[in-house]
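# Understanding the architecture of this molecule
Below, each chain spelled out in residue letters.
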Amino acid sequence: LTLRRLFCFHASASASVTPSKKKPLVFLGSPQVAVTVLDALLKSSSSPDSNFEVAAIVTQPPSRRERGKKVYPSPVAQHALDRGFPSDLILTPERAGEEMFLSSLRDLQPELCVTAAYGNILPTKFLKIPPLGTVNVHPSLLPLYRGAAPVQRALQDGVKETGVSLAFTVRALDAGPVIAYERFEVDDQIKAPELLELLFSEGSKLLIRELPSIFDGSAKVKAQPQDDSKVTLAPKLTPEESWLSFDQDATVLHNKVRAFAGWPGTRAKIAVIDETTSQCDILEPKIITTRVSSPENVQNEVDDITFIKGALVIPCGGCSTLEVLELQLPGRKVVTADAFRNGLRGRKLKKL
């Protein structure tokens, strides 16, 4: 909290110490994937022919991690500090509508604001401050997957193509005109963390490529309004959604495992049966890595879980079969299906 107050109170003072001919740009972002965009801006701003500078960084306030023992800055804030960015120019408001924060932002007189996974709603008072507007790097092909979890929901839907969009920010959720976009094919094994990293990496290149047109105003002329008839939404994930139901098709489950990887993960209930003692234990492992089984591995048994070629093979709905390659028991490390099998000591598995 002390750091947060320090960041907010001293921003305006530091901004006025050294006047610059470069146009001030303010970056807003919080998680690790946003670091790529920040790095691209810092690198571009340091080139001799750059016409802008990163005047400040706005990010989520420090949070408690490691079971509440310590307070840590956001990944973006930590990276900026590690790079020697002035700590009093790292702003961490609880809400982007706080008057003290908005006052500090006005004192910085930013020409442009850039957001990438900031995680905070930007009010109209904020959007009116930069004369060139606010531009967002959004990991979807807008107007598809507007919202907090575009990559995760796209993977959950099993899309074969996605992309990253550069769009002006308006008060409505991810609804601003699109300046540019890039399309990408989606590998059927890629998980959300890897796809997020890829899209923000490509998004940072797209941003740097389009910055000249944004600064000279031509981007506003060429930006295309979104087709609201094609809008799909991407609400944030919840832990309650993380359970897998083996009554569903294996492809649906596989896509969910990919989409929920990282957080909150996917969980399943499995019965472990000792045929000697008739004892039955219920396990609730996290399912880490899967694939949809080839037709020759489809099981006829309704509930039995078997092992084939290093995979835990689970019958699913629609006569489909899911292969689990990696899983994690509560409080344990991630293990392969073979290692998990060795720990069973001959006991059988059934799905629940």
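From a predicted model like this one, the values you see are computed outputs, not experimental measurements.

### A few points about the packing of helix H2 (residues 35-45) against helix H3 (residues 75-82)
It is at 10 Å that the axes of H2 and H3 come closest, and there the two elements cross at 35°. Of the two elements, H2 crosses H3, and the hand of that crossing is right-handed. Packed against H2, whose contacting residues are Val35, Leu38 and Asp39, the element H3 presents Pro75, Val76, His79 and Ala80 at the interface. Considering only residue class, the contact of H2 with H3 consists of 5 nonpolar, 1 polar and 1 charged.

### Observations regarding the domain arrangement of the chain
When cut into domains, the chain gives domain 1 (23-234) and domain 2 (239-351). When each unit is reduced to the centre of its C-alpha atoms, the spacing between domain 1 and domain 2 is 37 Å. By the criterion of area lost to domain 2, the three top residues of domain 1 are Gln156, Gln189 and Lys191, representing 48% of everything that side buries. Inspection of the region where domain 1 meets domain 2 yields 1 salt bridge. Among the ionic pairs, Arg153 bridges to Glu241, the shortest N-O distance being 3.0 Å. Scanning the region where domain 1 abuts domain 2 turns up 10 residue pairs in polar contact (both at pLDDT 80 or more). Among the elements that make up the side of domain 1 that touches domain 2, the one with the highest residue count is helix H6 (residues 150-156) (4 residues).

Here is what the cut-offs are and how they apply
Just so you know, the residues in each chain are numbered from 1, in the order the chain's sequence is written. Under the rules for a predicted model, residues below a pLDDT of 70 receive no local features and side-chain atom pairs below 80 are neither given nor counted, while totals for whole chains, interfaces and linings still include all residues. Working from all heavy atoms in the structure, the side-chain values ignore hydrogens and water. Angular values range over 0 to 180 degrees, each being the angle between N-to-C directions of two axes fitted as lines to C-alpha atoms, with helices fitted over their stretch in contact. Secondary structure elements follow DSSP: runs of H or I no shorter than four residues count as helices, runs of E no shorter than two count as strands, and numbering proceeds from the N terminus. Crossings are assigned a handedness: left-handed for a near helix turned anticlockwise from the far helix by less than a right angle, right-handed for a clockwise turn. Contacts are assigned to residue pairs that have any heavy atoms within 4.5 Å of one another. The classification used treats Ala, Val, Leu, Ile, Met, Phe, Trp, Tyr, Cys and Pro as nonpolar, Asp, Glu, Lys and Arg as charged, and all other residues, Gly among them, as polar. Either an automatic procedure or a domain database provided the assignment from which the domain bounds are taken. Buried area is understood as the total, over both parts, of accessible area removed when two parts are fitted together, assessed with a 1.4 Å probe. What makes a salt bridge here is a side-chain nitrogen of Lys or Arg within 4 Å of a carboxyl oxygen of Asp or Glu, nothing more. Polar contacts, as used here, are pairs of N or O atoms within 3.5 Å; protein pairs need one atom able to donate a hydrogen and one able to accept it. Residues neighboring in sequence count only if both atoms are side-chain atoms.

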